[in-house]
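# Residue-level structural notes
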Number of protein chains: 2
Amino acid sequence: MFIGVDVGGTHMRAALVDARQTVLASRKVATQAELGPEQVSRRLAELCRELMRTAGDKGGHVSAIGLGVAGRIDPAQGRVLFSPNLSTMNGCPFAFELREQTRVPVYMENDANVFGLGEQWLRSERGPDNWLGVTLGTGVGGCLILGGRLWSGDHLGFSAEIGHTIVDPAGPECLCGLRGCLEAHSSARALVQGVAAHIARGDLTDGPLFELFSAGMLTAEAVYQSAKQGNALALKLFERMGWALGLAIGNAFSLLGIGRAIIGGGVSAGWDLFIDPLHKSLREHCSMLGPEEMIVMLSERPNEAALLGAARLAQLMAGVEE
Amino acid sequence: MFIGVDVGGTHMRAALVDARQTVLASRKVATQAELGPEQVSRRLAELCRELMRTAGDKGGHVSAIGLGVAGRIDPAQGRVLFSPNLSTMNGCPFAFELREQTRVPVYMENDANVFGLGEQWLRSERGPDNWLGVTLGTGVGGCLILGGRLWSGDHLGFSAEIGHTIVDPAGPECLCGLRGCLEAHSSARALVQGVAAHIARGDLTDGPLFELFSAGMLTAEAVYQSAKQGNALALKLFERMGWALGLAIGNAFSLLGIGRAIIGGGVSAGWDLFIDPLHKSLREHCSMLGPEEMIVMLSERPNEAALLGAARLAQLMAGVEE
């Protein structure tokens, strides 16, 4: 058995997974990165030890832990190099600490890359050879599967960071320090920030979105519910999300000469609201391909693909080292 | 010996090349695509037959012809599918016709891809494994060398079309029908169109650029000379060229997790005017890499790499079929 862990900007999730892709048990806690790396690391170790006991109860044992972490990381050192959404974790030797505390081999990858591994695993041999993965969560991550394999570029600790490609140089500010990134348009944070910007400009002075924001309780989920009830601002924010995704994915298709993308992550739950604007934008922003040549799919299991992929990482890496 | 041909939006160039990368003879004529594919094809065949006679005079013979053509092409069929800069050639079975007229095997690739093959050939084993090529000519082309090999994506007839990635959704119109493409900022045509737009707006009413444009004789070269003499508008157009290149290359680095680009093509002669704005823009538009991790190089032989690459294509493909 393996443990797959997904460390996102908002939540940490861990799952006990067997070699047949069955999730035997899972846990979810708030990341609370603002409390610092020691806290995060300690709570994550607790989570893993709990799942290791569960494995024991089921007559098995945990061979390795796979860790997906948002941001630029050093897989060899198991260290977070630069994470806009987990900035307190920058420099933290996360995998090393977790190995110390659990006495189990720990392997680390970018969270969107483990999504790619998970999706490949779920689709076994049925998936396309070349595809772009986009994960919508607190931020926006990406992965590239080229020739059926996870693409790592120059091994600089990141690849496929489509979330930090720029879709509009005059667009909103991004946590990474730049302006107009895809992430600043199409993430959970972008939805909340979109409401905040309207309030700051004085364009929104009452109603449920205003109330929730004022109470510090506005979430992407609430913006989604509001859009479903016909709220014009919320609908516009999902439209912007789709527009930016279409432009960024279209740019990636033009650059790579491919025509397949798979979208996952928690915020892909808003699919029904952003997919039409996404398709429209894709047609308007990619002159190299006809509409029928561009296929954007929803993940096989949007909420579990990254967790399964982290477990798959553990399985693959432990296999390599055996 | 092999013939390499580069069919661009403005000129067609052909060179007789031996296996040691020596250009034994070369010819250059205006493309005049507006006269239709038959004319272009006939004149190109004449050019090739001339070089075949030269080969004979030197005691050799031409084994194959390699063709680099701007746009989306079908290498297997030797057909132009869609070319914004050679729109009259769309659908033309160019390679087939040239083979009919010369009785020599003809192979066809995108012109920026043959630049990639040429640059790899020139750098032999010394080049980086992963790099993005950008060719600046009438339009803007691109190629990707991944893992030391020319990347063809899903074999859709194009790849690495960085020229048609969008750098500014509010930017100028592009020949491909979209708005804000890199090509609409950073090509020879963009330089001339930039002057035209100023004249149309009434912002430019006299001076050498105005005179040349009015006489229908304004070229990218003239804009360059004007910038070297301190003309503010011309300098601004080269600054915009560098800005757009920096943003598009930065996006490609973020997406691919690589940090190397090589720039070639005739308009790369303006290197001294656009490289500083390019570096500035790259720093401002790529948050994943530090300035020292991003290296943008000028081609080993900006004017010959594509021609050599077309000859290299002929050599490689003829070798495969032997």
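These numbers come from a predicted model, not from an experiment. By convention here, each chain's residues receive numbers from 1 onward along its written sequence. Here chains are named by letter from A upward and ligands by number from 1 upward, in the order in which they appear as written. Residue-level local features of this predicted model are given only where pLDDT is at least 70; pairs of side-chain atoms are given and counted only at 80 or more, and the full residue set underlies all totals for whole chains, interfaces and linings.

A run of H or I in DSSP becomes a helix once it reaches four residues, and a run of E becomes a strand once it reaches two; helices and strands are each numbered from the N terminus. Each helix and strand counted, chain A has ten helices and twelve strands in total. The buried share of chain A, reckoned over its 322 residues, is 57%. Relative to all contacts within chain A whose residues are 6 or more apart in sequence, the contacts with residues 24 or more apart total 64%. As a rule, residues whose C-beta atom has 12 or fewer other C-beta atoms within 10 Å are exposed, those with 20 or more are buried, and those in between are partly exposed; C-beta atoms are placed from the backbone. Working definition of a contact: two residues with C-beta atoms, positioned from the backbone, lying within 7 Å.

Where interface size is quoted, it is often the accessible area lost as the parts come together. Residues and elements named next belong to chain A. Bear in mind that the domain bounds are from an automatic or database domain assignment. By the assigned domains, chain A splits into domain 1 (2–117 + 303–321) and domain 2 (127–298). On the domain 2 side, the residues contacting the 20 residues of domain 1 number 17 residues. Elements that contribute at least two residues to the side of domain 1 that touches domain 2 include exactly β5 (72–74), α3 (111–123) and α10 (305–321). Considering every element that reaches the side of domain 1 that touches domain 2, the biggest residue donor is α3, with six residues. Grouping the amino acids of the side of domain 1 that touches domain 2 by side-chain chemistry returns nine nonpolar, eight polar and three charged. Three residue categories are used. Nonpolar comprises Ala, Val, Leu, Ile, Met, Phe, Trp, Tyr, Cys and Pro, charged comprises Asp, Glu, Lys and Arg, and polar comprises the others, including Gly.

A pair of strands is considered paired only if DSSP assigns at least 2 bridges between the two. By the bridge criterion, four bridges tie strand β11 (residues 260–264) of chain B to strand β12 (residues 295–298) of chain B in an arrangement that is parallel. Bridging from a neighbouring strand, I263(B) pairs with L298(B) of β12(B).

With that out of the way, let us pick up the packing of helix α5 (residues 188–200) of chain B against helix α8 (residues 232–256) of chain B. Residues and elements named next belong to chain B. Packing of α5 against α8 leaves a shortest axis separation of 10 Å and a crossing angle of 130 degrees. Classed by the angle they form, the pair α5 and α8 counts as oblique. You can see that α5 and α8 cross each other, and the crossing is right-handed. Only L233, L237 and M241 of α8 make contact with α5, whose side of the interface consists of A190, L191, G194, V195 and H198. Where helices are involved, their axes are fitted lines through C-alpha atoms of the stretch in contact, as for all axes, and angles between N-to-C directions lie from 0 to 180°. Each angle receives one of four descriptions, namely roughly parallel if under 35 degrees, roughly antiparallel if over 145, roughly perpendicular if within 65 to 115, and oblique otherwise. In this scheme, a crossing is called left-handed if the near helix is turned counterclockwise away from the far one by less than a right angle; it is called right-handed if the turn is clockwise.

Residues and elements named next belong to chain A. Taken in spatial order, the five strands make up an open sheet running β10-β9-β8-β11-β12, and their pairing is mixed. Looking along the sheet, the strands with just one partner apiece sit at the ends: β10 (149–150) and β12 (295–298). Here strand β8 (residues 131–136) runs beside strand β9 (residues 140–146); their pairing, made up of six bridges, is antiparallel. Of the residues in β9, the one forming a bridge with V134 is G142. Contacts from helix α8 (residues 232–256) reach β8, β11 (260–264) and β12 within the one sheet, and its direction differs from that of β8 by about 155 degrees.

All names here are of chain A. With respect to topology, five strands assemble into an open sheet ordered β3-β2-β1-β4-β7, the strand pairing being mixed. The open sheet terminates on both sides in strands that have one partner only, identified here as β3 (23–30) and β7 (106–110). Taking each pair of neighbouring strands and ignoring which way they run, the sheet shows an average axis angle of 15 degrees. Two elements, strand β2 (residues 11–17) and β3, share seven bridges in a ladder whose sense is antiparallel. Along β3, the bridge assignment pairs A15 with S26. Where helix α1 (residues 37–57) meets the sheet, its contacts fall on β1 (2–7), β2, β3 and β4 (64–69), and the angle it forms with β2 comes to roughly 20 degrees.

In this section: the interface of chain A and chain B. At the interface, 34 residues of chain A touch 34 residues of chain B. A per-element tally of the side of chain A that touches chain B places α8(A) first, with six residues. Classifying every residue of the side of chain A that touches chain B by side-chain character gives 16 nonpolar, 13 polar and five charged.

Under the definition applied here, buried Ala, Val, Leu, Ile, Met, Phe, Trp, Tyr and Cys residues are grouped into a nonpolar core through C-beta atoms within 7 Å. Ranked by internal contacts, the top residues of the largest apolar core, which has 221 residues, are I3(A), L67(A), I3(B) and L67(B). In this view, L67(B) contacts V5(B), V7(B), F94(B), A95(B), L98(B), V106(B), Y107(B), M108(B) and A310(B); residues no more than four positions away in its chain are not counted.

Another point: unusual backbone geometry. Residues and elements named next belong to chain B. You will see that Q32, though not glycine, has its phi angle at about 50 degrees, which is positive. Tracing the backbone shows Q32 in the loop between β3 (23–30) and α1 (37–57). The phi dihedral of R103 falls on the positive side, at around 60 degrees, and the residue is not glycine. Tracing the chain through its elements places R103 in the loop between α2 (94–102) and β7 (106–110). Accessibility expressed as a C-beta count within 10 Å gives 8 for R103, which makes it exposed.

With that out of the way, let us pick up the relation of the copies chain A and chain B. Copy-to-copy superposition: least squares on the C-alpha atoms, limited to residues that have pLDDT of at least 70 in both copies. Take chain A, turn it by 180 degrees, move it 0.0 Å along the axis, and it overlays chain B with an RMSD of 0.0 Å. What we have between these two chains is a two-fold relation. Rotation axis and chain A: the residue whose C-alpha lies nearest the axis is D168(A), separated from it by 2.9 Å. When the interface residues of chain A are mapped onto chain B, 100% of them again lie at the interface, so the same face is used by both copies.

A few words on α1(B). All names here are of chain B. Expected span of a helix, by definition, is 1.5 Å for each gap between consecutive residues, and there is one gap fewer than residues. With 21 residues, α1 extends 30 Å between its outermost C-alpha atoms, agreeing within 8% with the 30 Å of an ideal straight helix rising 1.5 Å per residue. Every buried residue of α1 is accounted for by V40, S41, L44, C48, L51, M52 and A55. Down the axis of α1, the smallest arc covering the buried residues is 105 degrees, so these residues share one side. Facing away from the buried side of α1, by more than 90 degrees, are the exposed residues E38, R53, G56 and D57. Within this analysis, the arc is defined by the directions that extend from the helix axis to the C-beta atoms.

Before going further, it helps to spend a moment on the packing of α8(A) against helix α9 (residues 271–285) of chain A. A pair of packed helices is captured by two measures, namely the crossing angle of their axes and the spacing between those axes. All names here are of chain A. Where α8 contacts α9, the two axes come as close as 7 Å, and the packing angle between them is 40 degrees. Compared by their axis directions, α8 and α9 come out oblique. α9 is crossed by α8, and the crossing has right-handed handedness. Residues F238, E239, M241, G242, W243, L245, G246, L247, I249 and G250 of α8 touch α9, and the partners they reach there are L273, F274, I275, D276, P277, L278, H279, K280, S281, L282 and H285. Residues that form the contact of α8 with α9 fall into these classes: twelve nonpolar, six polar and three charged.

Turning our eyes to something else, we now look at α1(A). All names here are of chain A. Buried within α1 are the following residues: V40, S41, L44, L47, C48, L51, M52 and A55. Buried positions along α1 lie against β1, β2, β3, β4 and α2 (94–102). Backbone geometry just downstream of α1 places G59 in the positive-phi region, at approximately 80 degrees.

Residues and elements named next belong to chain B. When you line up the elements, V104 lands in the loop between α2 and β7. The sequence separation of V104 and L278 amounts to 174 residues, and the corresponding C-alpha distance is 43 Å. With residues near it in sequence (within four places) discarded, V104 still touches V62, A64, I65 and R99.

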